[in-house]
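For reference, the chains in residue letters:
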Amino acid sequence: MRKNILVVVSIVMLFVLVFIVSNRHYFFYENKNIIENGIVTLSEEQLKGTTKLVGEWLFYPNEFIEPEESLENNKYQPIIVTAPGSLTNVMQPDKEGLVYGTYYVKVKVPTDGQYGLYINTIRRANRVFINAVEVGGKGHPARTLNDHRSENADKYTVLSHSNNKELHIVIHIGGYHNFQHGMIHPIEFGTAGKVQELYLKKLLLNAFVSSGHIILGMIYCFSYLQNHRRKEELFFGLFTILTGIYMSFINEKIFFLLVPIELIAFQTSLQLGIIPLCLICLTGFIYYMYPHFMKKQLLYLSLLLLVIVIFLFGIYFPLYGKLTASLEESNFRKLFYIALIAPTFLNYVTVLIRVLLRRLEEAKYVLIVVTSVGSYGVLLSLNFIADIPFDYSEFTLFLVMLIGFSLLLNYRANASLMKVENLTGELVMHNNMKDEFLVKTSHELRTPLNGILNLSKSLMEGLQGPLKREQHEQVILIHNVTKRLGHLVEDLLFSSHHMTGEVKITPTVVSVNVITEVVKEIQSMMLSNPHVQIIVNIDSMMPHMWTDELRFKQVLYNLLHNAIRHTQEGEITVTAFVQQQQIIVQVKDTGAGIAEQDIEHIFTAFYRVAKQSNTEGLGLGLSIAKNIVQKLDGEIYVESKLGQGSTFTFTMPLAKEKQPLQSTSISVDYVPKKLALELPLIHKGNSKTILIVDDDHTNIKVMFDACVARGYSVVAVDNGFDALQYISKNEVDCLLTDLLMDEMSGYELCKQVRKHYDMLELPIIVLTAIMKQTDLLLTLQVGANDYLQKPIAIDELFIRIESLLAIRQTSIDAIEAEMNYLYTQVTPHFVYNTLNTIIGLSYTNIENMREALYCLATYFRAKLNVHYRNSMVSLEEEIELVKAYLYIEKMRFGDRLTVRYDIDESIQLMIPALSLQPLIENAVVHGISKKKEGGTIEVSVQYDGQFIRIKVADNGAGMADEKLQQLLNGKSTRIGFVNPWKKFNLLKNVSVHLNSEPGRGTTVIILLPREEGV
């Protein structure tokens, strides 16, 4: 607190010292009374500078003495007055309230020459004559009110030549009523050069202070416009700009020299109106500096009072509009003006005291600014009330404000720098903690994820017994989701290693042909825009690279993927050439391009161009690419122009010598010549058939021999069409296909196969050259069970094949077990009802009983055939069983049961055993038997477009909506319907529809695909 008090006292003392030193002549004149009885004699020494004409001037009250008149013979007697000084007591106003008179002094100089006067405020109007020649003036003193025109404390210079080493100076003055008038400040006399030099110095000082304030304010206004963050900068800038404009209104009045305004009232309104504007901006500055310390009520009150001042003194101007005002009225106006402004300064003091009591460090710098403004305001008030001069105070105000606010900004800059340094340290620490967390989390997640993968894999392979089909599909989903989580964990681990620079690489000899392979795969998989073309310009005979093949592919993929995302139309060109023992690879596009200010940042981790921030991605692709290239002893850089496209270039070292391929991988990069095989290749091995599809015969030969060595039955073709034809006529257990093929891609082949076989019926493994990218994985998951990246590891390939074959077999076993389970549930139910019917017939009709026994024998024969045929029977056999059952039931019900058949005998179809008979039994027992009059059962088998429609309908009792919904939702216990429903749902592309109305019967419609079998 003591320091703050010392700051305030120091600033106040500085203004007092400047005030006293610069205005010492006002309090004690160094050359007092150099004029005696209207005459002054000046020496050469005195004329080296300017001399203040202070002393006994001759004054003629209420008379305008013409310059050409002889003062010695003038009929009017002068009086001696001390100038500068007030003339209120020596002049009496006339009937119009005017006062006027004439000053006279004779100046004797040592030599004749050009001399001048610096006039510093002669009120209220004046005209200057030297040696009977009018040399200047402000306003127009006159004997009548109509002719009188006042000035506004104007300062100016006049020049004249001496005659006989004398200058007779006559000054006419005029004013109104009891205003302070006459010579307020001393007139400076000197040679013309010295007087002009004095005036120029004052003019330049005034211009410097005004322009300095304005420039300083503009700097802070522009600073605010750049960031729109600190409103206190805006208000301080506006305050200094307005202060600078105000400085141009006073003293030498530079503004009015540049913009001539003759109306004194208008000049005064500008001078008085701009001060409250300055204070409004200063109030805004203090408020936004310390919003919690300024009460809103006091803020609004200050602003209201300042607006009133602007209106009364700057716009409407009712108080200063009257020229004929008395001295009392004039003093009242001055005090009223100060009274309206004073509360604002009191508000400033209150806020600063609160701030200082809180010991805020930056408060002392604001205190410097506000104290300097307050000190200047006090001096301005003294000048306003008593015409006490305050020369150089505005210059002091400018310097102190500049120093104060510079210290404030410097403090804020240092505080911000320290805060940034602290935050940087914390960010570095948190970044290291984040990287460590990623590494530890990735390692910790690996163990449970591997456990889930192994457990789900064992369940899919049936190691714990076969699963139901729905269970099998759920386990596959769990396995796939876990694999995706595993990939995310690997990505997290790779990102953390990338950020710490721990990316592991294994350089080997790699052919440039991998570039073409990657480009073609990306083109077939990811380029969906027909307006963009990918061009590859690579010489396949170029020397090999010394690089890590997997990492090289990742770099190339990242650059291509980036080019595809940002190119809407045009072409993407990939070129490679040898230069200075390096392979130069370029990816050039005609896309959006990169702004110059973004080029130096695009290889920074997580950096994304602002206009592209809504696109997918984390901004790691280019950063990872740069890290990998540098690890491989290469360089990467970019050339780009906004709107014209980009060219990414990276280098790889040449291989010094050729190394043989490892025996554990399948690769054809270095095969000397291309094979031509007679296809299809067929080998009969064990019961598991592998179909290989690849348009490269060398790859076919390598994989064919490897599969034969493992004992599989193998078929190999070189295009997707032959593969589809073979699959349609033969059973295939696993399909291996290359992703990139000429006539039909592996992706298209997967989609065609999946139209007829799901992922359990026919597993597919896709062979690709691209690394595990998320978007590629999502695409492949549409049709493929798994994928392998080239070069293919043989051991890993057969592990995948054996796992998928085991999954397929356990799925088949699960379906078989489900069919048998449902079959065993239906058999006792039907046999029980049939035996009851036969027992009843034995008492009434022996012939019918024999026929019923024959039908029962037919049923048992069908039952035995079902077990022999793995739960699938022909439609003909199932219809025979239905007819046998309905014959027995008709003997029970007699005329109450009517049966209608509409069966196309040409339809050949395999369906689940005992799938139609329970539906017929359900219709008889729960439909027809519930009605006294009986009913009709309709059995229909017909073609219906691309389907075969089986219809079982009755006009029996029907079902309520509640029971119908229970059946459809699988919540019913009716075996006769639920078991056939489950059997048909186990088959592909089969739908079952059920409709029923109470009292009108039930209809079951089964739609099966129109094929050779299900």
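Residues numbered from 1 in each chain as written. Predicted model: local features only at pLDDT ≥ 70, side-chain atom pairs only at ≥ 80, totals over all residues. Heavy atoms only, no water.

The chain appears in an unreviewed UniProt entry as histidine kinase from Metasolibacillus meyeri. According to the UniProt record, the Subcellular location (unreviewed entry) comment for the chain reads "Cell membrane". (UniProt positions renumbered as here; feature names shortened; annotations may be inferred.)

As recorded in UniProt, the feature "modified residue: 4-aspartylphosphate" (unreviewed entry) lies at Asp738. Tracing the chain through its elements places aspartate 738 in strand β25 (residues 734-738). A relative accessible area of 4% places aspartate 738 in the buried class. Beyond its immediate sequence surroundings of up to four residues, aspartate 738 is in contact with Val693, Asp694, Asp695, Gly746, Leu767 and Lys790. (Helix = DSSP H or I, 4+ residues; strand = E, 2+ residues; numbered from the N terminus. Buried < 20%, exposed > 50% of the residue type's maximum accessible area, 1.4 Å probe, protein only. Contact = heavy atoms within 4.5 Å.)

All buried positions along helix α15 (residues 621-631) are accounted for by Leu622, Ser623, Ile624, Ala625, Asn627, Ile628 and Val629. Downstream of α15 by one or two residues, aspartate 633 has phi in the positive range, about 65°.

A few words on the confidence of the model for the chain. Looking at the chain, pLDDT values average 80 and 82% of them are 70 or higher. Scored below 50 in pLDDT, residues 660-665 makes nine contacts in the model with residues more than four places away or belonging to other chains. (pLDDT = per-residue confidence, 0-100.)

Below, the discussion takes up the pattern of salt bridges. As a working rule, side chains carrying opposite charge can pair if their charged atoms are close by. In total, this model carries 17 salt bridges according to the counting rule given. A salt bridge links lysine 751 to glutamate 748, with the nearest nitrogen and oxygen atoms 3.4 Å apart. You can see lysine 751 and its partner glutamate 748 sitting in helix α18 (residues 746-754), three residues apart, about one turn around the helix. For glutamate 748, a relative accessible area of 32% translates into the label partly exposed. The salt bridge partner of lysine 931 is glutamate 933, with a shortest N-O separation of 3.7 Å. One continuous salt-bridge network, built from bridges that share partners, spans Glu731, Asp733 and Arg808. (Salt bridge = Lys/Arg side-chain N within 4 Å of Asp/Glu carboxyl O.)

Strand order in the open sheet made by the four strands is β2-β13-β6-β10, with antiparallel pairing throughout. Both edges of this open sheet fall to β2 (51-52) and β10 (155-161), since each of them pairs with a single strand only. The sheet contacts of helix α3 (residues 192-227) involve β6 (114-120), β10 and β13 (188-191), and relative to β6 the element is tilted by about 30°. (Pairing = 2+ DSSP bridges. Axes fitted to C-alpha atoms, helices over the stretch in contact; angles between N-to-C directions.)

Here we take up the sheet that holds β25. Spatial ordering of the open sheet is given by β22-β24-β23-β25-β26-β27, a layout of six strands whose pairing is mixed. The strands lining the two open edges of the sheet, one partner per strand, are β22 (681-683) and β27 (786-789). Each adjacent strand pair in this sheet contributes to an overall mean axis angle of 15°, direction not counted. As paired strands, strand β23 (residues 689-693) and β25 are joined by four bridges and run parallel to one another. From the neighbouring strand, isoleucine 692 faces β25, where its bridge partner is leucine 736. In the packing of helix α16 (residues 697-709) onto the sheet, contacts are made with β22, β23, β24 (713-717) and β26 (764-768), and the angle to β24 comes to roughly 170°. Relative to β23, helix α17 (residues 720-729) is tilted by about 160°, and along the sheet it contacts β23 and β24.

Our focus in this paragraph is empty space enclosed by the protein. Over the atoms, a rolled probe matching the size of one water molecule traces out where space is still vacant. For the structure on display, the rule yields two cavities of 30 Å³ or more. If you add up the space inside the largest cavity, you get close to 100 Å³. Lys155, Lys202, Leu205, Asn206, Asn251, Glu252, Asp391, Tyr392 and Glu394 are the residues that line the largest cavity. Here the lining of the largest cavity is built from residues that sort into two nonpolar, two polar and five charged. (1 Å grid on protein atoms, 1.4 Å probe; cavity = no way out; pocket = protein on both sides within 12 Å on 5 of 7 lines; lining within 4 Å. Points joined across faces, edges and corners; volume = space filled by probe spheres on them. Nonpolar A, V, L, I, M, F, W, Y, C, P; charged D, E, K, R; others polar.)

Turning next to α17. Every α-helical turn comprises 3.6 residues, leaving residues that sit three or four positions apart pointing alike. By the burial criterion, the buried members of α17 are Gly720, Ala723 and Ile727. Down the axis, α17 shows its buried residues gathered within 55° of arc, on one side only. Structural note: α17 exposes Ser728 and Lys729 on the side pointing more than 90 degrees away from its buried face. Packing partners of the buried residues in α17 comprise β23, β24 and α18. The residue sitting at the N-terminus of α17 and contributing the capping side-chain oxygen is asparagine 719; that oxygen lies 3.1 Å from the backbone nitrogen of phenylalanine 721. (Arc of directions from axis to C-beta. Polar contact = N/O pair within 3.5 Å; in protein donor to acceptor, adjacent residues only side chain to side chain.)

Residue placement: valine 924 occurs in helix α23 (residues 917-928). In this structure valine 924 comes out as buried when scored by relative accessible area, which is 1%. Spatially, the C-alpha atoms of valine 924 and aspartate 954 are 8.2 Å apart, while their sequence positions differ by 30 residues. Those residues in contact with valine 924, other than ones at most four positions away along the chain, are Tyr885, Leu886, Glu889, Phe893, Ser929 and Ile937.

If you look at the biggest cluster of nonpolar residues, it comprises 62 residues, and the most contacted ones within it are Phe236, Phe285 and Tyr376. Going through the elements one at a time, α1 (2-22), α3, α4 (231-247), α6 (264-289), α7 (296-315), α8 (327-357), α9 (363-386) and α10 (393-460) are the ones with two or more residues in this core. Here phenylalanine 236 is in contact with Leu216, Tyr220, Phe285, Val369, Met401 and Phe405, once residues within four sequence places are set aside. Within the second largest apolar cluster, 41 residues are counted, among which are Val510, Met542, Leu559 and Ile564. (Core = buried A, V, L, I, M, F, W, Y, C linked by side-chain atoms within 4.5 Å.)

Attention shifts here to the environment of serine 874. Tracing the chain through its elements places serine 874 in strand β29 (residues 872-874). Since its relative accessible area comes to 15%, serine 874 is described here as buried. Taking the C-alpha atoms as reference, serine 874 lies 6.1 Å from isoleucine 911; in sequence the two are 37 residues apart. Residues within four places of serine 874 in sequence aside, it is in contact with Leu909 and Met910.

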